[in-house]
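# Structure assessment
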Amino acid sequence: MDINNTLLKDVSILYVEDDETIRENLFNFLSRRFRSVYTAQNGEEGLELFKDKLPDIVITDIQMPVMDGLRMAEEIKKISGDTPVIITTAFGDVPYLMKAIELEIDGYLQKPIRYEKLFDTVCKFAARRKMEEELLKAKKLESIGILAAGIAHDFNNLLTPILGHISLAKTSLAPDDKIYKNLDAAEKASFMAKDLVQRFMVFAKGGETVKMVISIKELIKEASIFLPNSNAECEFHIAEDLRSVEADSGQIFQTIHNIVINACEAMPDGGIVSISAENIVIGKKDNLSLEDGMYVKISVRDRGIGIPENLLPKIFDPYFTTKGMDSRKGTGLGLATAYSIVKRHGGYISVESEAGVGTVFHIYLRAV
Ligand SMILES: Nc1ncnc2c1ncn2[C@@H]1O[C@H](COP(=O)(O)OP(=O)(O)O)[C@@H](O)[C@H]1O
Ligand SMILES: [Mg+2]
C-alpha cells in the first residue's frame, strides 16, 4: 500500500464502551499508536463527542446503558455517512446483528478483542480514509485547475491588447507628460495582472511543463532572494555536490519562491529563513510516498508563528489562507501550486510545524 506509517498514525478514533476496564485497556493500546483517541462510556456521550471532534473512525460496543451502540451508529451515519463505524460484538449480541447489517456497519471485532486484529482493522480504515482524502485533494485541485485555466486564458487574451495600446499611447507622449505617468501606472498594474494570470496558469497545469536537466543550486538562491517588503533574511546550506534534477525550472523556481515567501510572512518581525539542499537516497524504510532512488531534498525552515495542528491538513488546499483574501499576498494558492507542481514532477512535499515555534517544508525531487 502506498501509504506510509506516519500518515496512518495521524488518525483520530472514538472508542465507546461501558466496561471501564476494557475501555481503559483499549485506550492505552490505541493512544500509544494513533494521534488522538477519545473515549466515551455510552452512546449518548459518544454521540456528543463525535459531533465535537469529528473523529476519522468510530469503534463501539453494542449493549450499553442510556443509548446503545447501534442507535449511536445510526445517528453518526446521518451526520457523516462516510465515517467508518466498527462494532465490537459478543455472543449475546446476535439479536442485534440484523440491525447492524441494515445500518451498513463497516466492520466487526469479536469480543474479547485481539489487539493485533484491532490494530490491523484500524490501519485498514485509516489507510482507506487517507487515500480518499488524497483523492479528494487531487480532484479538488483538478476541477479548480480547469476553472483557473479557463479564466487565465481569457484574461490573458484581454491583457495583450490592453498592454499593447498602453505601450503605443506612451510612444506618442513625452516622458514628463502627466498622462504618460498615468499610462505608466496603468501599464504597471497590467503587468501585475499578467503576473497573476501566470500564477493561475502554473497552478492550473495549463502552463506547460518543460522538463530539462537543470542544476538547482543557483535556482534555489534566485528564488529566495527576491523578497519584497520582508524583514527576514535567508541563509543557505547547499551541498557542493548537489545533484541535478529533471524539471521545469520556472515551476521549481515558483515552488521554492512560494514557500520562502510564506516563511518570511510567518516572521513579520524578521528572522532567519534557513534553506538547505542535499542529496539523499530514499528507500523503503523511509516510508515516504516515493519510489526508491536518489533525490534532492530542499528544506525551508523558519522560526515563525507555526501552523496549529488542526490547520495542517488544510494548508495545501487551494484558496486556504489565514492571511485575509483582500491583501495581495493572501490568495491561498501558494501551497496548492507548490503541491501540484511537485506532484507533477513525481516528487513529494511534506511539512512539519509547531504553533509558536516554526515550520519546515521539505521538497523531494528526483535526482539525475
Ligand atoms: N511557513 C509558514 N508558517 C506558518 N504558516 C504557514 C507557513 N506556510 C504556510 N502557512 C499557512 O498556510 C496557508 C496557505 O499558504 P499559501 O497557500 O501560500 O497561501 P497564502 O500564503 O496566500 O495564505 C497560509 O495562509 C498560512 O496559514
Ligand atoms: Mg503564500
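Bear in mind the structure is a predicted one, so any value in this text is a computation, not a measurement. (Residues numbered from 1 in each chain as written. Chains lettered and ligands numbered in written order. Predicted model: local features only at pLDDT ≥ 70, side-chain atom pairs only at ≥ 80, totals over all residues. Heavy atoms only, no water.)

### Things to note about a nonpolar patch on the surface
Nonpolar side chains collect at one region of the surface, where L147, I151, F155, L158 and I162 lie side by side and expose about 490 Å² of accessible area between them. As for its placement among the helices and strands, L147 is situated in helix α6 (residues 115-171). On the accessibility criterion, L147 (54% relative accessible area) is exposed. (Patch = residues over 30% accessible without salt bridge, like charges linked within 9 Å, V, L, I, M, F, W, Y side chains within 5 Å. Areas by Shrake-Rupley, 256 points an atom, 1.4 Å probe, with all protein chains shown as cover. Salt bridge = Lys/Arg side-chain N within 4 Å of Asp/Glu carboxyl O. Helix = DSSP H or I, 4+ residues; strand = E, 2+ residues; numbered from the N terminus. Buried < 20%, exposed > 50% of the residue type's maximum accessible area, 1.4 Å probe, protein only.)

### What about the packing of aromatic side chains?
Overall, the coordinates contain five aromatic pairs when judged by the stated rule. Residues F316 and F361 carry aromatic rings whose centres are separated by 6.3 Å and whose planes lie at 90° to one another, so their mutual orientation is edge-to-face. Within this pair, whereas F316 is found in the loop between β10 (293-302) and α10 (334-344), its partner F361 is found in strand β12 (residues 358-366), the two being separated by 45 residues in sequence. Their ring planes at 45° and their centres at 6.0 Å tell us that Y348 and Y364 sit as a pair that is tilted. Residue Y348 is located in strand β11 (residues 348-354), and its partner Y364 is located in strand β12; the two are separated by 16 residues in the primary sequence. When its relative accessible area of 19% is taken as the criterion, Y348 is described as buried. Here Y364 falls in the buried class, since its relative accessible area comes to 6%. (Phe/Tyr/Trp six-rings, centres within 6.5 Å; stacked < 30°, edge-to-face > 60°.)

### Observations concerning the sheet that holds β12
A sheet is described by the order of its strands in space; here five strands give the open sequence β7-β9-β10-β12-β11, paired in mixed fashion. Looking at which strands have only one partner, the edges of the open sheet turn out to be β7 (232-238) and β11. Taken over all neighbouring pairs, the strand axes of this sheet differ in orientation by 20° on average, direction set aside. Of the pairings in the sheet, the one linking β10 to β12 comprises eight bridges and is antiparallel in character. Along β12, the bridge assignment pairs Y295 with R366. (Pairing = 2+ DSSP bridges. Axes fitted to C-alpha atoms, helices over the stretch in contact; angles between N-to-C directions.)

### Quick notes on the site of ligand 1
Around ligand 1 sit 21 residues, and of these N262, T321, T322, K323 and L335 come closest. One of the side-chain N or O atoms of T321 is found 2.5 Å from an oxygen atom in ligand 1. Taking K323, its side chain carries an N or O atom lying 2.6 Å from an oxygen atom of ligand 1. Relative to its unbound accessible area of 530 Å², ligand 1 is 95% covered by the protein chains. Broken down by secondary-structure element, the contributors of at least two residues to the shell around ligand 1 are α9 (249-265), α10 and β12. Among the elements that line the shell around ligand 1, the one with the most residues is α9, at three residues. Looking at the shell around ligand 1, its residues break down into eight nonpolar, nine polar and four charged. (Near = heavy atom within 4 Å. Polar contact = N/O pair within 3.5 Å; in protein donor to acceptor, adjacent residues only side chain to side chain. Nonpolar A, V, L, I, M, F, W, Y, C, P; charged D, E, K, R; others polar.)

### Things to note about the nonpolar core
One finds I216, I220 and I298 to be the most contacted residues of the largest nonpolar core, which totals 39 residues. Counting residues per element, the ones that place at least two in this core are α8 (217-225), β7, β8 (245-247), α9, β9 (271-282), β10, α10 and β12. Excluding residues within four positions of it along the chain, I216 makes contact with L242, V245, V296, I298 and L365. (Core = buried A, V, L, I, M, F, W, Y, C linked by side-chain atoms within 4.5 Å. Contact = heavy atoms within 4.5 Å.)

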